[in-house]
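The lines below spell out each chain.
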Amino acid sequence: MTGSLFKGNFWTSDILSTIGYDSIIQHLNNGRKNCKEFEDFLKERASIEERYGKDLLSLARKKPCGQSETNTLKRALEVFKQQVDNVAQSHIHLAQTLREEARKIEEFREKQKLLQKKTELIMDAAHKQKSLQFKKTMDAKKNYEQKCRDKDEAEQAVHRSANVANPKQQEKLFVKLATSKTAVEDSDKVYMLHVNTLDKVRNEWQSEHIKACEVFETQECERINFFRNALWLHMNQLSQQCVTSDEMYEKVRKSLEMCSIEKDIEYFVNQRRTGQTPPAPIMYENFYCPQKNAAPPGKATGPNSARRGPLPNPKSLPDDPDYSLLDNNYSLIYQ
């Protein structure tokens, strides 16, 4: 950049006005403020990334997640936990990177601040000298104009006293007129001297103003370029974080592709099987007519027959009224 825009568009017709220069300074100050805001934004984003990374790291290392799984799915879960750990570490690393970028912005701001301050000191001196010389010139002009009015009054007094016969009075008027003419000449010289000096000071100030505009425009171009590049870099860093995270998650997806439902089922069966023979059916057993077939080995199908003897023979005769006989079976009848 040649710095041709600032120097051609921030003038005013008032020699004492600094509105154009002040407008540029305000713009530069706002620019540094904008950089400071982005710097603070990066610091806050870094804190968020760091907190997220640490929380994610704690989650990956402390929180159980399918800890009783076996075989291929267990291996996939181990990859999952490890990659979550890696993603957490990458966010913590991103936080450190963002803080470093914020530090670079701070250094850039301070560099621009010092450069602007150096130019401002020169311009402040030029403005002060211009204002002071303008005041001296205006004071000299005021004095010159007053001396001119005094001379005019002295001339008019001489003309009015032309018909006055008092020679002493006329002599005093002529002396006053001569004195006033001399005063006009002296004040005129002083006034001209101040005008010339003011013009010289004005030219010097104008030259410094042009230099300052060129410096400030170059500075502003550098700031905009730096800010733009910093923001672009920040976007690249966030995009890279997404890419890195996706690469880590892809490893989890690859491990999940290696999972085999059949192998995991087979692994569980081989590790925890209890046998291949189901229990035999439980058969009905009549209390009075036990089945002749023995129960399956190792399994009792009813009450233990060894503990129950044969049916007792009745002690009473068949015609005993306490008993009645029916179909070769008997039952006790309570009276």
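Being a predicted model, the structure only gives us computed values, none of them experimental.

**Let's talk about the overall build of the protein**
Move 1: The secondary structure content of the protein amounts to 5 helices and 2 strands.
Move 2: Each helix and strand of the protein, placed in order from N terminus to C terminus, yields the pattern α-α-α-α-α-β-β.
Move 3: For the protein, contacts bridging at least 24 residues in sequence account for 80% of all contacts bridging at least 6.

**Digging into a nonpolar patch on the surface**
Move 1: A surface patch of nonpolar side chains, about 420 Å² in accessible area, is lined by I261, I265, F268 and V269.
Move 2: Relative to the assigned elements, V269 resides in helix 5 (residues 261-272).
Move 3: For V269, a relative accessible area of 38% translates into the label partly exposed.

**A word on the packing of aromatic side chains**
Move 1: All chains considered together, the criterion is met by 8 aromatic pairs.
Move 2: Here Y144 and Y191 contribute two aromatic rings whose centre-to-centre distance is 5.4 Å and whose plane-to-plane angle is 25°, an arrangement assigned as stacked. Residue Y144 is found in helix 3 (residues 71-160), and its partner Y191 is found in helix 4 (residues 167-257); the two are separated by 47 residues along the sequence.
Move 3: The exposure class assigned to Y191 is buried, which follows from its relative accessible area of 17%.
Move 4: An aromatic cluster is built from F38, F41 and F227, whose rings are joined through pairwise contacts.
Move 5: Over the ring of W205 we find K130, and its NZ or CZ is 3.8 Å from the ring centre.

**Observations regarding the confidence of the model for the protein**
Move 1: Overall, the prediction assigns the protein a mean pLDDT of 87, with 85% of residues at 70 or greater.
Move 2: Segment residues 300-307 is flagged for pLDDT under 50; beyond a separation of four residues in sequence, or across chains, it makes 7 contacts in the model.
Move 3: Note that residues 323-335 has pLDDT below 50 and, in this model, 15 contacts with residues that lie over four places away or in other chains.

**Let's talk about the environment of F174**
Move 1: When you line up the elements, F174 lands in helix 4.
Move 2: Overall, F174 belongs to the partly exposed group, its relative accessible area being 46%.
Move 3: Remark: the alpha-carbon pair of F174 and A157, spanning 17 residues in sequence, is separated by 9.0 Å.

**Let's talk about the pattern of salt bridges**
Move 1: In total, this model carries 18 salt bridges according to the counting rule given.
Move 2: For E39, the salt bridge is made with K43, and the minimal N-O distance between the two is 3.1 Å. With E39 and K43 both in helix 2 (residues 19-62), this residue pair falls 4 residues apart, about one helical turn.
Move 3: A relative accessible area of 37% places K43 in the partly exposed class.
Move 4: Across the pair K151 and D152 runs a salt bridge whose closest N-O atoms are separated by 3.8 Å.

**So, the packing of helix 3 against helix 4**
Helix packing for two helices is described by the angle between their axes and how far apart those axes are.
Move 1: Helix 4 packs onto helix 3 with a crossing angle of 170° between their chain directions and a minimal axis gap of 6 Å. If you check the angle between helix 3 and helix 4, you find them roughly antiparallel.
Move 2: When grouped by side-chain class, the residues that make up the contact of helix 3 with helix 4 number 41 nonpolar, 25 polar and 18 charged.

**With respect to helix 5**
Move 1: Given a rise of 1.5 Å per residue, 12 residues ought to cover 16 Å, and the 16 Å separating the end C-alpha atoms of helix 5 matches this to within 8%.
Move 2: The buried count for helix 5 comes to 1 of 12 residues, which makes it a mostly uncovered element.

**Regarding the environment of K176**
Move 1: Here K176 is to be found in helix 4.
Move 2: The exposed category is assigned to K176, whose relative accessible area is 54%.
Move 3: The sequence separation of K176 and A154 amounts to 22 residues, and the corresponding C-alpha distance is 6.5 Å.

**A few points about the packing of helix 2 against helix 4**
Move 1: Interaxial distance between helix 2 and helix 4 falls to 11 Å at its minimum, and their mutual angle equals 20°. By the criterion of interaxial angle, the relationship of helix 2 to helix 4 is roughly parallel. Crossing of helix 2 against helix 4: the hand is left-handed.

**Here we look at unusual backbone geometry**
Across the chain, the bulk of peptide bonds are trans and the bulk of non-glycine residues have phi less than zero.
Move 1: Not every positive phi belongs to a glycine, and N71 is a case in point at roughly 55°.
Move 2: Look at N71 and you get buried, because its relative accessible area is 17%.

**Points about the environment of F10**
Move 1: Considering the arrangement of structural elements, one finds F10 in the loop between helix 1 (6-9) and helix 2.
Move 2: In the structure, F10 is positioned 203 residues away from C213 in sequence and 8.5 Å away in space, judged by C-alpha atoms.
Move 3: Among residues more than four places away in sequence, those in contact with F10 are G20, Y21, S23, I24 and H209.

**Concerning the side chain of S187**
Move 1: Inspection of the secondary structure puts S187 in helix 4.
Move 2: Residue S187 is classed as buried on the basis of its relative accessible area, which comes to 5%.
Move 3: Excluding anything up to four places from it in sequence, S187 contacts N143, Y144 and K147.

Definitions and limits used
- Residues numbered from 1 in each chain as written.
- Predicted model: local features only at pLDDT ≥ 70, side-chain atom pairs only at ≥ 80, totals over all residues.
- Heavy atoms only, no water.
- Helix = DSSP H or I, 4+ residues; strand = E, 2+ residues; numbered from the N terminus.
- Contact = heavy atoms within 4.5 Å.
- Patch = residues over 30% accessible without salt bridge, like charges linked within 9 Å, V, L, I, M, F, W, Y side chains within 5 Å.
- Areas by Shrake-Rupley, 256 points an atom, 1.4 Å probe, with all protein chains shown as cover.
- Salt bridge = Lys/Arg side-chain N within 4 Å of Asp/Glu carboxyl O.
- Buried < 20%, exposed > 50% of the residue type's maximum accessible area, 1.4 Å probe, protein only.
- Phe/Tyr/Trp six-rings, centres within 6.5 Å; stacked < 30°, edge-to-face > 60°.
- Lys NZ or Arg CZ within 6 Å of the ring centre and 35° of its normal.
- pLDDT = per-residue confidence, 0-100.
- Axes fitted to C-alpha atoms, helices over the stretch in contact; angles between N-to-C directions.
- Parallel < 35°, antiparallel > 145°, perpendicular 65-115°, else oblique.
- Nonpolar A, V, L, I, M, F, W, Y, C, P; charged D, E, K, R; others polar.
- Expected span 1.5 Å × (residues − 1).
- Left-handed = near helix turned anticlockwise from the far one by under 90°.

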